[in-house]
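What follows is the residue order along each chain.
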Amino acid sequence: MFIQTESTPNPATLKFLPGQTVLEVGTADFPSSDTAEKSPLATRIFAVSGVAGVFFGNDFITVTKAEAIEWDHIKPAILGAVMEHYQSGQPVIAEDGTAPASGHAEHSGEDAEIVNQIKELLDSRVRPAVAQDGGDITFHGFDRGVVYLHMQGACAGCPSSTLTLKMGIENLLRHYIPEVTEVRPVAV
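Residues numbered from 1 in each chain as written. Predicted model: local features only at pLDDT ≥ 70, side-chain atom pairs only at ≥ 80, totals over all residues. Heavy atoms only, no water.

*Asks:* What is the right way to read the pattern of salt bridges from this model?
*Replies:* A side chain of one charge can pair with a side chain of the opposite charge if their charged atoms are brought near each other. Tallying each qualifying case throughout the model produces seven salt bridges. The closest approach of N and O atoms between Asp123 and Arg127, which form a salt bridge, is 3.0 Å. Linking Asp123 with Arg127, this pair stays in helix 3 (residues 112–132), spanning four residues, or about one helical turn. Judged by relative accessible area, Asp123 falls into the partly exposed class, the value being 35%. Arg127 gets classed as buried once you look at its relative accessible area, which sits at 19%. Here Arg174 ties to Glu170 by a salt bridge, and the two come within 3.4 Å at their closest N and O atoms. (Salt bridge = Lys/Arg side-chain N within 4 Å of Asp/Glu carboxyl O. Helix = DSSP H or I, 4+ residues; strand = E, 2+ residues; numbered from the N terminus. Buried < 20%, exposed > 50% of the residue type's maximum accessible area, 1.4 Å probe, protein only.)

Here is the structure:
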């Protein structure tokens, strides 16, 4: 098994490409080791000292390290943990549990049509590009023109995420949906 790695715009996060499907559908975010109990793979990665977060996409795993740790010190152990997992035959997510799979928050009411347009733009224009960088952005809420988005994986805590949010996503949404006045990140 050959696992490729790619850097992301977030220097604290690396993207690991195992060359096979990680998650069939959706994404799964494990912002701490406490949230990883339903994933044998995430649990194995968190066993590496210095790992601060794990995120799964369709064909990638992003790992965020603690600030004081250097990639040179933990990258080999993470590669080993991923390889061991795939050789073990265990599932990525335990069958008896559901992953903390991320997706858009539900929204109903008078703004439902606007929210559906926001979600459609996020799914078609934003999320594929963000997945290339090892992350995900999901809809969290809409209130009086302000769109609230949840940033995950490499996007969470990325130095350039504010610029991406304001200059990229906010401009895109405002262009197509005049009711949108601002985009803000939320921590869930």
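*Asks:* Where do I start with helix 2 (residues 71–88) in this structure?
*Replies:* For an α-helix, 3.6 residues make a turn, and residues three or four places apart therefore share a direction. A rise of 1.5 Å per residue sets the reference length of helix 2, with its 18 residues, at 26 Å; its end C-alpha atoms lie 25 Å apart and thus fit the reference within 8%. Positive phi shows up at Gly89, right after helix 2, with a value of about 80°. (Expected span 1.5 Å × (residues − 1).)

*Asks:* Would you mind showing me how to read the packing of aromatic side chains here?
*Replies:* One pass over the full model with this rule turns up two aromatic pairs. Measuring from centroid to centroid gives 5.2 Å for Phe30 and Phe56, while their planes differ by 65°, and the two rings are edge-to-face. Residue Phe30 is located in strand 3 (residues 27–30), and its partner Phe56 is located in strand 4 (residues 51–56); the two are separated by 26 residues in the primary sequence. Comparing Phe30 with Phe56, the two get one shared label, buried. A centroid spacing of 6.2 Å and a plane angle of 35° characterise the contact between Phe55 and Phe60, whose relative ring orientation is tilted. Just as Phe55 is buried, Phe60 falls in that class too. Over the aromatic face of Phe60 sits the side chain of Lys15, whose NZ or CZ is 4.9 Å from the ring centroid. (Phe/Tyr/Trp six-rings, centres within 6.5 Å; stacked < 30°, edge-to-face > 60°. Lys NZ or Arg CZ within 6 Å of the ring centre and 35° of its normal.)

Honestly, that's just the spatial picture; any functional story needs more than this.
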